[in-house]
Each structure stands twice: as C-alpha cells, then as structure tokens.
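What the coordinates show
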Amino acid sequence: MESGEGADGPGGPGGPGIRFGCASFNQDSTSLALGTKTGYKLFSLTMVEKLDCIHESAETPDVYIVERLFSSSLVVVVSTNMPQRMNIYHFKKGTEICNYSYPNDILAVKLNRQRLVVCLEESIYIHNIKDMKLLKTLLNTPSNPSGLCALSINHSNSYLAYPGSATIGEIIVYDANSLNTVTMIPAHDSPLAALTFNSSATKLASASERGTVIRVFSIPEGLRLFEFRRGMKRYVNISSLSFSHDGQFLCASSNTETVHIFKLEQVGPSGGDEAATWTAYVGKMFSAASSYFPAQVSGMMSQDRAFATVHLLTSGQRNVCTLAMIQKLPRLLVATADGQLFIYNIDPLDGGECMLAHKHRLFGVDDDQGEETESEGSEVTGPQACPSYAATAALPASGPVTATLTGYSEDGGAKKGEVIPEHEFAAGPVCLDDENEFPPINWCRDGTGGGQARRS
C-alpha cells in the first residue's frame, strides 16, 4: 500500500470496501498521508492516543500517490483520473505550486530536501526540488511495473535505488546529486519487492519477491552487512521496509499477519562497537570472516531471526509500516488497507511480542456510514477535525496571493538529455512554512523568464 503500489493504483480501483488508494509516512515518520477516493488527508503522529487530522483536500478524486516533504506544506499528489500528471501543492495556502506531465503513468514519487524523483515503468525523472527543474532522465530502465524505488532522506547523500533487472534482484544505486551511477548490487536471485535506505544513507535494505530473506548492504560500497530470514515455510509479498531513525532496527511488513522487527549491530564513529558485548564481538568477527567464504556460506553465517514481532488481526491485505519515536518512546506504526492505524510499543532491550498501544480509524463515522464504530479504547477521528481544502484556501495569506505555477513540457521530457523548460513563475513568493524542519523556500521570478528558488 505504499505510494504507487496501492489498492487504487493507475490500473484500476481496489476491492470492495477499499476507500483509499495509498498511505505513506513522511521522511521522519511524524505524519501520515492518505490518498482517498475524494482527495487526501494528512495526519500528525505526535501522540499515541490522539490522531490529529491536520488537513483534508476534496479537490482531487481517487488519489493513489500522496507524499509530504517532512513537516513542510509541500505535498505531491497523483490521481487515477490523470495518472500521467503530478501536482505539487502548498496545502496550508491552498495553492498549486506546479504540475508536470509525463509520457506514461506515474508509479511512484520520492522526495527529500534536495531532489524529487518520479518513477515510471521504464524511466525515472530526477528534479531539483528547489525550482523543479528536470536534471536527469534515466531512460530504458528495466521494466518496473510496481514503480519500486527508494530515495535516501539525507539530502547531502541523495542516493536513489531502483531495480537493475526485471528477472533477478539486482539493485542500481545512483547518486541523485552528482547524477552518476554509484554501484550495482547483486542482492537476490529473484526480482526485488522492497527497498529502503536508513536515515544517514549509509545502509540499504532489500527484499525479493520470495520474501524469505532481507539483506542489508553498506552504501556506497554495496557490501553485504546483514542477512535476516523472516521465514522459510512460504513465500510472502513484503510490501514495506523501514529503518528506525537511529538505524538500529529494521521493520518489515507483508501480506501475512506478522510484522517483523530486526536488530542491527551498531558501529560507532571510531570503528568500535558502541555496545562492546561478546555477541557483538562474535558477530563482527563473523562479518569480517564472511568476505573470505562463498556467498552460500557467508549468507548462513550472517543470518538472524526477528528481534521483535507484531501479529495483526488480519492478513492478506497490503499495509505500510514504520518505526518512530512518539512521546520519547520507540513505536511501530502499521497503516492497513482496511483504513486503520495500529501503534505498538517496542521493548528495545528484550524485543519479543510488541504490545498494542492504540488503534485508530483513519475514517470517521461520516466516511463509514453503516459501519459500527470502533470498540472502546480506540480513537475515532472524524472528518470534522480536518480543515477542508476550501477553508484552507480561504485563510488570509501572510504574503501576496500566488497564482498557479504550471510546469510544462511538449514531450514530457521523453527525449534523452532534454530538460523540461523552467516554470513561468507568477509574481509573489510561495513560502513552504516547514516549521523549522526545512528553511522556507520562495518560488520567485529571477527577471530572465526562468525560475529559480531563493531561501528567505
């Protein structure tokens, strides 16, 4: 249910009862974005017991991709009505910053503070997020019908990972800052199903379509660091991988009822282990020795089982998971395709089965007509708590009102090496109001007919 792989993707609507097409956590897991049949919703994730809907838009139906840039006001939206067009909004002002069209359906959008990446089935577009100028088009990439890709959230190391083959699990690691290929990692025997970077962009985790093994590689070298086995009895579809912010844990969710949390050995800046335990020492020795053995042997030496687990109430549906610190404690968050958000407590020392801390419905009673409300102990967040798109647009702006800024390209940037022309900017700045997470950006006219971004 990640962006581009949701229940209501470009291929058509989801099954009965599915009221939204995607759910995605922002880069630091402080908010949840939900694409719905009528628009999109944004929720704040600062408390366990209370789920605040901070914005709701009903202007764009059947949203199957929605991505928010950290805690800023910049939101990227793609709808099944126009699956080849990406719209970028300033949701607090209720204005559209720009939109771009591409030759084929958009399958995924990833962004950090430096780059915005658009993934199509056989091409990838890399934009400079400050002015949305197209920097690079990667054409004729291996067929990638699910739009699988990962972009590191560390803008100083903007690494992009995507499948290097449609038949085996090769990973291409690309530097989106310098616009060069970094390495190719032969990660799995079968095609890739999930990819994610840790927050410092020093590690990359991957899973294949078989879903039995999860591997972690060093970046940019591409060396195998860890191998976790989530099960051997059956193949599963891993839909989500996510590191904790400190890089110590990695969670994986699939179409089964079990979510796994794995623990990674931490290595300090000095090269020594932060926790100098016998287990850590032996693990380090095995990792060092594994480079001298064939892959089959070294893989067996580095395998490990889940440190902690969660058992969901249902299985067979897509979900997305993340690890976050909420109210100063580590939590596992799982958003499921039936419209619920589960928050679990994690014991960072002993692991084991995680305890359910709270359950939230992502739709209120007005959205779920005819359905029973949740049992006592769950937080029901009604749509009345969300400011509407119209109400947001009616709020007085702190600066000049900004008209729509339309990006355009006659051929969608399909010609190799051709850059989409820069925006024709309207007068007046658009400030992102990133709430100290990101210095505000003004979209300005530079007097030459081209656009540029300037920090205020």
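Before reading on, note that the structure itself is shown above.
Presented here is a report on the structure given in the accompanying data block.

What counts and what doesn't
Residues numbered from 1 in each chain as written. Predicted model: local features only at pLDDT ≥ 70, side-chain atom pairs only at ≥ 80, totals over all residues. Heavy atoms only, no water. Helix = DSSP H or I, 4+ residues; strand = E, 2+ residues; numbered from the N terminus. Buried < 20%, exposed > 50% of the residue type's maximum accessible area, 1.4 Å probe, protein only. Contact = heavy atoms within 4.5 Å. Areas by Shrake-Rupley, 256 points an atom, 1.4 Å probe, with all protein chains shown as cover. Pairing = 2+ DSSP bridges. 1 Å grid on protein atoms, 1.4 Å probe; cavity = no way out; pocket = protein on both sides within 12 Å on 5 of 7 lines; lining within 4 Å. Points joined across faces, edges and corners; volume = space filled by probe spheres on them. Nonpolar A, V, L, I, M, F, W, Y, C, P; charged D, E, K, R; others polar. Salt bridge = Lys/Arg side-chain N within 4 Å of Asp/Glu carboxyl O.

A short note on the overall build of the protein chain
For the protein chain, the helix and strand inventory stands at three helices and 33 strands. Counting the 456 residues in the protein chain, one finds 55% classified as buried. The long-range share in the protein chain, meaning contacts at least 24 apart out of those at least 6 apart in sequence, stands at 46%. Surface accessibility of the protein chain: about 19400 Å² in total, with carbon and sulfur atoms responsible for 52%.

Some points on the sheet that holds strand 15 (residues 169–175)
Spatial ordering of the open sheet is given by 13-14-15-16, a layout of four strands whose pairing is antiparallel. The open sheet has two edge strands, strand 13 (150–151) and strand 16 (180–188), and neither has a second partner. With seven bridges joining them, strand 15 and strand 16 adopt antiparallel strand pairing. Residue Gly169 lies in a different strand from strand 16, and its bridge partner there is His188.

What about unusual backbone geometry?
In this model, Ile219 is joined to Pro220 through a cis peptide bond whose omega is 10 degrees. With respect to the helices and strands, Pro220 occurs in the loop between strand 19 (213–218) and strand 20 (224–229). Positive phi values are uncommon outside glycine, yet Ser29 reaches one of about 55 degrees. Take Ser29: it is sitting in the loop between strand 1 (20–25) and strand 2 (31–36). The phi dihedral of Met132 is positive, around 60 degrees, even though this residue is not glycine.

Concerning empty space enclosed by the protein
With the rule as written, the count across this model stands at two cavities of 30 Å³ or more. Looking at the second largest cavity, its volume works out to about 30 Å³. Lining the second largest cavity are Cys119, Leu120, Glu121, Ile124, Thr141, Pro142, Asn144, Tyr162 and Pro163. Here the residues of the lining of the second largest cavity are counted per class, giving six nonpolar, two polar and one charged.

Points about the side chain of Ser244
With respect to the element layout, Ser244 can be found in the loop between strand 21 (238–243) and strand 22 (249–254). Apart from the residues lying within four places of it in its own chain, the contact partners of Ser244 are Phe249 and Leu323.

A look at the pattern of salt bridges
By the definition in use, this model includes three salt bridges. A salt bridge links Glu227 to Arg215; its shortest N-O distance comes to 2.6 Å. Placement of the pair is Glu227 in strand 20 and Arg215 in strand 19, with a sequence separation of twelve residues. The same class applies to Glu227 and to Arg215, which are both buried. Residues joined by salt bridges that share partners form a network here, namely Arg215, Arg224 and Glu227.

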